[in-house]
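Descriptive analysis of the structure
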Amino acid sequence: MERRILIKQLMLLTGGVLLFPSCLRSDEDRIIEYNNFDLNESQILLMAKLSEFILPLKENPLAKDERLHLFVIKMVDECLMFDEQKYFVSGIKELQSFIDEKYNSSSTFDFSKHIELITKLERQEFESNISNFYKIFKKQLINGYLNSAFFMTHVIEYKLIPGNYQVHVSVI
């Protein structure tokens, strides 16, 4: 009987040892895992700030909880080709390192105070990876907004029956 208790406690101890390193990660190193690439929280936060600048939904109380940057990441992970995913991930890493070098911190970065960076992104004045990242990000962000519940219920007028049927229409 003692052997069974010893084996049970040894298995619990082994499971605890295997799971313990995941508890020691800092918030910066925590990685949200997707199927084809990994992004850390600072990169996701940078994408959240960029999406808030492109589509400022915080002004509208109905659209506050739209997490469109997560939609973009999911669409890139599941729907784009491998080379586009590679451009996306390398582009966000290069954009983050560029912001860290030029503005000292990407975690406290505010896009509204640095309009020149957005105009460079819009004009595609960066190297190809950052430009490809921005094109993919903006396209998927607008796609996510146009398919969001907020847009479909509050922006577009919903008609149950499309158009009116007019019987008497003059041909001439």
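Shown above is the structure to which this text applies.
Below is a short write-up of the structure. Please read these numbers as outputs of a predicted model, since none were measured by experiment.

A few points about the overall build of the chain
Secondary structure assignment for the chain yields seven helices and two strands. Beginning at the N terminus, the succession of helices and strands in the chain can be written as α-β-β-α-α-α-α-α-α. Across the 172 residues in the chain, those meeting the buried criterion constitute 32%. In the chain, of all internal contacts separated by at least 6 residues, the share reaching a separation of at least 24 is 63%. For the chain, the accessible area works out to roughly 12,500 Å², and carbon and sulfur atoms hold 57% of it.

Let's talk about the environment of Ser112
Structurally, the position occupied by Ser112 is in the loop between helix H4 (82-103) and helix H5 (115-123). Classification of Ser112 by relative accessible area gives partly exposed; the value is 42%. Considering only alpha carbons, one finds Ser112 and Ile54, 58 residues apart in sequence, at a separation of 9.8 Å.

Some points on the packing of aromatic side chains
Summed over all chains, the structure comprises four aromatic pairs. What links up through ring pairs into an aromatic cluster is the set Phe88, Phe133 and Phe137.

Details of the packing of H4 against helix H6 (residues 128-146)
When two helices pack together, you describe them by how their axes are tilted relative to each other and by the distance separating the axes. It is at 7 Å that the axes of H4 and H6 come closest, and there the two elements cross at 110°. One element, H4, and the other, H6, form an angle in the roughly perpendicular class. Between H4 and H6 the crossing geometry is left-handed. Here H4 contributes Glu84, Tyr87, Phe88, Ser90, Gly91, Ile92, Glu94 and Leu95 to the contact with H6, which in turn contributes Asn129, Ile130, Asn132, Phe133, Ile136 and Phe137.

Quick notes on H6
Taking 1.5 Å per residue as the helical rise, H6 with its 19 residues ought to reach 27 Å, and the 27 Å between its terminal C-alpha atoms agrees with that figure. For H6, every residue scored as buried is listed here: Asn129, Ile130, Ser131, Asn132, Phe133, Tyr134, Ile136, Phe137, Gln140, Leu141, Gly144 and Tyr145. In this structure, the buried residues of H6 make contact with helix H2 (41-54), helix H3 (68-79), H4, H5 and helix H7 (149-155).

A closer look at unusual backbone geometry
Non-glycine residue Gln124 carries a positive phi angle of around 55°. Structurally, Gln124 is set in the loop between H5 and H6. We classify Gln124 as partly exposed; its relative accessible area is 40%.

So, the packing of H4 against H5
One way to put it is that H4 packs onto H5 with a least axis distance of 13 Å and a crossing angle of 145°. Pair H4 / H5 crosses with right-handed handedness. Only Glu116, Leu117 and Lys120 of H5 make contact with H4, whose side of the interface consists of Phe98, Ile99, Lys102 and Tyr103. The residue inventory of the contact of H4 with H5, partitioned by class, reads four nonpolar, no polar and three charged.

Quick notes on the pattern of salt bridges
Per the stated rule, a full pass over the model turns up three salt bridges. A salt bridge links Lys138 to Glu122; the nearest nitrogen and oxygen atoms lie 2.8 Å apart. With Lys138 in helix H6 and Glu122 in helix H5, this residue pair connects regions lying 16 residues apart in the sequence. Ionic pairing is found between Glu125 and Arg123, a salt bridge with its closest N-O pair at 3.9 Å.

Calculation rules
Residues numbered from 1 in each chain as written. Predicted model: local features only at pLDDT ≥ 70, side-chain atom pairs only at ≥ 80, totals over all residues. Heavy atoms only, no water. Helix = DSSP H or I, 4+ residues; strand = E, 2+ residues; numbered from the N terminus. Buried < 20%, exposed > 50% of the residue type's maximum accessible area, 1.4 Å probe, protein only. Contact = heavy atoms within 4.5 Å. Areas by Shrake-Rupley, 256 points an atom, 1.4 Å probe, with all protein chains shown as cover. Phe/Tyr/Trp six-rings, centres within 6.5 Å; stacked < 30°, edge-to-face > 60°. Axes fitted to C-alpha atoms, helices over the stretch in contact; angles between N-to-C directions. Parallel < 35°, antiparallel > 145°, perpendicular 65-115°, else oblique. Left-handed = near helix turned anticlockwise from the far one by under 90°. Expected span 1.5 Å × (residues − 1). Nonpolar A, V, L, I, M, F, W, Y, C, P; charged D, E, K, R; others polar. Salt bridge = Lys/Arg side-chain N within 4 Å of Asp/Glu carboxyl O.

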